[in-house]
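Results of the structural survey
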Amino acid sequence: MPKTAPVIWVMRVQAAFPHTPIYLRADSGFEGPKLYEFCEGAGIDFTIAIAATALCKQRSDEVQQQAVEQYQATGRKARLYDHWAHQSRSRAGWDHQFRVIAKAEAGAEGTNRRFLVTNRPGDAPRLFNFYERRGQHENLIKELELDLKADRLSCHRFEANCFRLVLFALAYQLLNLFRRRLSNPALRRATIGTLRERLFKVGALLRQS
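Residues numbered from 1 in each chain as written. Predicted model: local features only at pLDDT ≥ 70, side-chain atom pairs only at ≥ 80, totals over all residues. Heavy atoms only, no water.

1. Comments concerning helix α3 (residues 54-74)
The test is simple: The helix and strand labels rest on DSSP assignments: H or I over at least four residues marks a helix, E over at least two residues marks a strand, and numbering proceeds from the N terminus. The span expected for a helix works out to 1.5 Å for each residue beyond the first. Fitting axes to the seven residues that end at a residue and to the seven that start at it, the angle between those axes gives the bend at that residue. Relative accessible area decides the class of each residue, using a 1.4 Å probe on protein chains only: under 20% of the type maximum gives buried, over 50% gives exposed, and in between gives partly exposed. Here, two residues are considered to be in contact whenever any of their heavy atoms come within 4.5 Å of each other.
With 21 residues, α3 should reach 30 Å at 1.5 Å per residue; the first-to-last C-alpha distance of 29 Å fits that figure. Where α3 bends most, at D61, the angle is about 50°. All of the buried residues along α3 are C56, S60, V63, Q64, A67 and V68. For α3, the secondary structure elements touched by its buried residues are β2 (45-50), β3 (78-86), β4 (98-107) and β5 (110-118). Once α3 finishes, G75 follows within two positions and takes phi at roughly 80°, a positive value.

2. So, the packing of aromatic side chains
Counted only if it meets this: In this scheme Phe, Tyr and Trp rings, the latter by its six-membered ring, pair at centre separations within 6.5 Å, and the angle between planes marks the pair as stacked below 30 degrees, edge-to-face above 60, and tilted otherwise. Charges are assigned to positions over rings by a cutoff of 6 Å between ring centre and Lys NZ or Arg CZ, combined with an angular limit of 35 degrees from the ring normal.
In the structure shown here, the tally under the stated rule is six aromatic pairs. Arranged with centres 5.9 Å apart and planes meeting at 70°, the rings of Y36 and F98 form a pair that is edge-to-face. With Y36 in helix α2 (residues 33-42) and F98 in strand β4, this residue pair connects regions lying 62 residues apart in the sequence. Judged by its relative accessible area of 5%, F98 is buried. A ring pair is formed by Y81 and F128, whose centres lie 5.8 Å apart and whose planes are at 50°; its orientation type is tilted. Separated by 47 residues along the polypeptide, Y81 in strand β3 and F128 in helix α4 (residues 124-132) bring together distant segments of the chain. The partly exposed category is assigned to Y81, whose relative accessible area is 26%. Members of the aromatic cluster, connected to one another through ring pairs, are Y36, F46 and F98. Lying across the ring of F130, R25 places its NZ or CZ 4.6 Å from the centre. Positioned above the aromatic ring of F130, the side-chain terminus of R120 is 4.7 Å from the ring centre.

3. Overview of the nonpolar core
Basically, it comes down to this: Among the buried residues, those of types Ala, Val, Leu, Ile, Met, Phe, Trp, Tyr and Cys that are joined through side-chain atoms within 4.5 Å form a nonpolar core.
Ranked by size, the top nonpolar core spans 18 residues in total, and within it Y36, F38, F46, I50 and V117 carry the most contacts. Secondary-structure elements contributing two or more residues to this core are α1 (5-16), α2, β2, β4 and β5. For this core, the leading source of residues is α2, giving four residues. Grouped together as the second largest cluster of nonpolar side chains are eight residues, L148, Y172, L182 and I192 included.

4. Some remarks on unusual backbone geometry
With a phi angle near 55°, K149 is a residue other than glycine that sits in the positive phi range. Looking at the element boundaries, K149 is found in the loop between α5 (134-147) and α6 (158-180). Since its relative accessible area comes to 36%, K149 is described here as partly exposed.

5. Some remarks on the packing of α6 against helix α8 (residues 192-200)
Our working rule: Every axis corresponds to a line fitted to the C-alpha atoms, with the helix fit spanning only the stretch in contact, and the corresponding angles, defined between N-to-C directions, vary from 0 to 180 degrees. Angle categories: roughly parallel below 35 degrees, roughly antiparallel above 145, roughly perpendicular from 65 to 115, and oblique for all the rest. Following the grouping adopted for this structure description, the nonpolar residues are Ala, Val, Leu, Ile, Met, Phe, Trp, Tyr, Cys and Pro, the charged ones are Asp, Glu, Lys and Arg, and the polar ones are all others, Gly among them.
The geometry of α6 relative to α8 is characterised by a closest axis approach of 11 Å and an angle of 70° between their N-to-C directions. Taken together, the axes of α6 and α8 are roughly perpendicular relative to one another. On the side of α6, the interface is formed by Y172, L175, F178 and R179, while α8 contributes I192, L195, L199 and F200. A class-by-class count of the residues in the contact of α6 with α8 yields seven nonpolar, no polar and one charged.

Now the structure itself:
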């Protein structure tokens, strides 16, 4: 595999932290053979969402029907899993077989199916839970970037921008600590941007009678 920029970056991280595994989780917008091959060559464990193709739906029809029957019998939302080995037969297909995991749900709101492709071992519910937790992590990154403007790294020197990013990260951690200690439950769940608007940027409250 050629040493492109991402590969070199991964190699540097692995050299600096030789005992730390690297996991990749991504939505279906990033799926594709090139990413799978990159992860395999770089020694990265991946869990990536894939589109609900006709083949995936066909393979998961049975477990979906089981979920529907379980919901009808119990009246409670049913969530079942299945998995199988899959390799695309297209010209741009995968070089290796990877495991596809299906999650089938049935409840009052109807049915739902989602699919992942992974090279990781482990049971399907645990891997799906690992993948779905990425949403909250993405929200936290967005808070750092958008609410604290951490992407404003316009200095000419790398060291200066690095120091600015450290300051942004420190401010974010202080705000997180502040948020966790608030007595108001709604504010404890609020974003950093909301806290700035409601608590920090309000210098005075005017009332007209």
